[in-house]
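# Topology and contacts: notes
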Amino acid sequence: MILTTDPQTLAPQSVPTPNNSEQNFTPKPKFIELPVAPRNASPVPELTSIHSVKGRGPYGNCRYRGNCGGHIIRDLLRYFQPKSVLDPMMGSGTCRDVCRELGIPCHSMDVRKGQDAADRASYADCEPVDFVWMHPPYWRMIRYNDDPRCLSNAPSLDDFLDRMELVLRNCQGVLRPRGKIAVLIGGYSDRGRYQPLPHLLVARAIQVGLWPACTEIIRFQHGNTSSRKTYQSSFIPRLHDVCLVFERV
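Residues numbered from 1 in each chain as written. Predicted model: local features only at pLDDT ≥ 70, side-chain atom pairs only at ≥ 80, totals over all residues. Heavy atoms only, no water.

## With respect to the pattern of salt bridges
What counts is decided by this rule: A side-chain nitrogen of Lys or Arg and a carboxyl oxygen of Asp or Glu constitute a salt bridge if their distance falls within 4 Å. A helix here means a DSSP run of H or I that spans at least four residues, while a strand means a run of E at least two residues long, and both kinds are numbered starting from the N terminus.
One pass over the full model with this rule turns up 13 salt bridges. Of the charged contacts, one joins Arg 176 and Asp 130 as a salt bridge, the two residues approaching to 3.3 Å between their closest N and O atoms. A residue pair is termed long-range when its members are at least 10 positions apart, and Arg 176 in strand E7 (residues 175-185) and Asp 130 in strand E6 (residues 129-134) qualify at 46 residues. For the salt bridge of Arg 204 with Asp 162, the shortest nitrogen-to-oxygen distance reads 2.9 Å.

## Points about the environment of Ile 72
Applicable threshold: The criterion used for residue contact is that any of the two residues' heavy atoms lie within 4.5 Å.
On the secondary structure map, Ile 72 appears in helix H1 (residues 71-80). In sequence terms Ile 72 and Arg 56 are 16 residues apart; their C-alpha atoms lie 9.5 Å from each other. Look past the residues within four positions of Ile 72 in its chain and what remains in contact with it is His 51, Trp 133, Ile 217, Arg 219 and Cys 243.

## Quick look at the pairing of E6
Counted only if it meets this: Each residue is placed in one exposure class: buried if its accessible area under a 1.4 Å probe, protein chains only, is under 20% of its type's maximum, exposed if it is over 50%, and partly exposed if it falls in between. Two strands are said to pair when DSSP picks up at least two bridges between them.
In terms of burial, E6 is a largely internal element, 6 of the 6 residues being buried. Note: strand E4 (residues 85-87) against E6, 2 bridges, orientation parallel. In the sheet register, Leu 86 faces E6, and the bridge partner there is Val 132. Note that E6 and E7 share 5 bridges and pair parallel. By the bridge assignment, Trp 133 is partnered in E7 with Ala 182.

## Structural notes on unusual backbone geometry
Even without being glycine, Gln 81 reaches a positive phi, approximately 55°. The phi angle at Arg 178 is positive, at roughly 70°, despite the residue not being glycine. Tracing the sequence through the fold places Arg 178 in strand E7. A residue is classified by how much of its surface remains accessible, and Arg 178, at 70% relative accessible area, is exposed.

Remember, this is a structural readout, not a statement about activity or role.
Next up, the structure:
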């Protein structure tokens, strides 16, 4: 299987110019050969540990900064086939739109509607669900508002992780047996220090009694805003985020 990408999406291959300048490089398109996936009884055989779909689909609002496309949500729901879904951080409503397309009831919440996912009381009207989709705002990466309950406004990384642990516990509390919690999250650099949020979140999930239900899924970030920027500093660009799927131990 060959996955073609454009040079704005993937880091360009660096080729020195004749004067051996370290400042000038010629970007070249890249072709990534994906390993052949083994055949199995999966209802979604194209869903593997690497997820790469250009475009966001007709889901959510593309002008809502920081949200993701709906294709990975759709593939996960087709694979796990839940009868009900909870989205405790609805953002622009991407998960809601995917569920509407698939005919799956979706209970959506958001701090903008006064529903704090870290507060147990916000789940009072939520019936038991089979699947939870979560795309949390990253700590200090994008400030969505001035609400101290918003995860992006957490005063420290530990506070962010503490609140995420509360969210996981609350979602676990409305999860049916063998239900799944999927979290899309990525790492990033904050003030010169890399924050490996997916790794840190796995540790917190295990601590509350959740265990990875399947392989982590590497989702390529096609059309990411940062891919169109030029930076003066030197770093290894991150071109993906990670979808983690948990189930109760």
